[in-house]
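# Working through the structure, step by step
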Amino acid sequence: MENINPIIENSWKTELQSEFSSPYFMTLKEFVLSEKAAHTIFPPGSQIFNAFNFTPFDKVKVVILGQDPYHGPGQAHGLCFSVPEGIAKPPSLKNIFKEINADLGLPVPTSGNLTNWAKQGVLLLNATLTVRAEQAGSHQRKGWEIFTDAVIKKLSDKKSNLIFLLWGNYAIEKEKLIDTSKHYVLKAVHPSPLSASRGWFGCKHFSKTNEFLRKHGLDEINWGE
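Residues numbered from 1 in each chain as written. Predicted model: local features only at pLDDT ≥ 70, side-chain atom pairs only at ≥ 80, totals over all residues. Heavy atoms only, no water.

### Quick word on the nonpolar core
- Counting residues in each nonpolar core, the largest one holds 65 residues, and the members touching the most others are W12, F49, F52, I64, W117, F147 and L155.
- The residues contacting W12, other than those within four sequence positions of it, are F52, T55, P56, F57, V60, L123, V151 and L155. (Core = buried A, V, L, I, M, F, W, Y, C linked by side-chain atoms within 4.5 Å. Buried < 20%, exposed > 50% of the residue type's maximum accessible area, 1.4 Å probe, protein only. Contact = heavy atoms within 4.5 Å.)

Next up, the structure:
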């Protein structure tokens, strides 16, 4: 973020150049830098665009939408729902792994690091890409959502046969950005313990995703460790 040109994977830099040069993004950059000067923010600057760096534009097959980075020490590393090696798995991620176990019979991973998914073409995109330590939602409505909505729209417009996994009301609202005539959208309640028992368990999104990929001649995602 310190640079005029954010350090982001080249294919995304090309696709999103008009966003990076727009007035709202300049304002957003100034906000993040001012926050960084006065507070601890997550994730670390070099990891803010990790979702893009691990999953180049031409490699995206599946999009999972989150809302906000984790705000506890060491948790956020730029991939929604994911935590680095050695960090305890948050409750929503535990429920994601429980559903994968029930759906596909895969053992529950020891690590909560989802980088392996990202490298296979799963874009793990939060709507807001930064947060102030211990203050959930503190960087919402500062410009990140304009940026990530543009990302979703760009993927919808320029690609076909993507699978969008929309979990919870916030993510489901993003369906309006997606051309559902050429993409596959799966919706469920959020995997949070507050809602998981109301339809998360048994949604089978992971086997359904692989079935769709298989049908279109694409490699399935290995949802295991």
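### Remarks on the pairing of strand 2 (residues 62–66)
- The buried count for strand 2 comes to 5 of 5 residues, which makes it a mostly enclosed element.
- Of the two faces of strand 2, the one holding V62, I64 and G66 and the one holding V63 and L65 are both buried throughout.
- In the sheet, strand 2 pairs with strand 5 (residues 163–167) via 3 bridges, with the strands oriented parallel. Looking at the pairing, V63 lines up with F164 of strand 5. (Helix = DSSP H or I, 4+ residues; strand = E, 2+ residues; numbered from the N terminus. Pairing = 2+ DSSP bridges.)

### A short note on the environment of H216
- Note on placement: H216 falls in the segment after helix 9 (205–215).
- According to the relative accessible area criterion, H216 is partly exposed, its value standing at 32%.
- When the C-alpha atoms of H216 and R198 are compared, they prove to be 31 Å apart, with 18 residues separating the residues in sequence.
- Only 3.0 Å separates the side chain of H216 from the backbone oxygen of F212, close enough to count as a polar contact. (Polar contact = N/O pair within 3.5 Å; in protein donor to acceptor, adjacent residues only side chain to side chain.)

### With respect to the environment of K153
- Relative to the helices and strands, K153 is located in helix 7 (residues 144–158).
- The class for K153 is partly exposed, based on a relative accessible area of 38%.
- Taking the C-alpha atoms as reference points, K153 and K174, 21 residues apart in sequence, are found 9.5 Å from one another.

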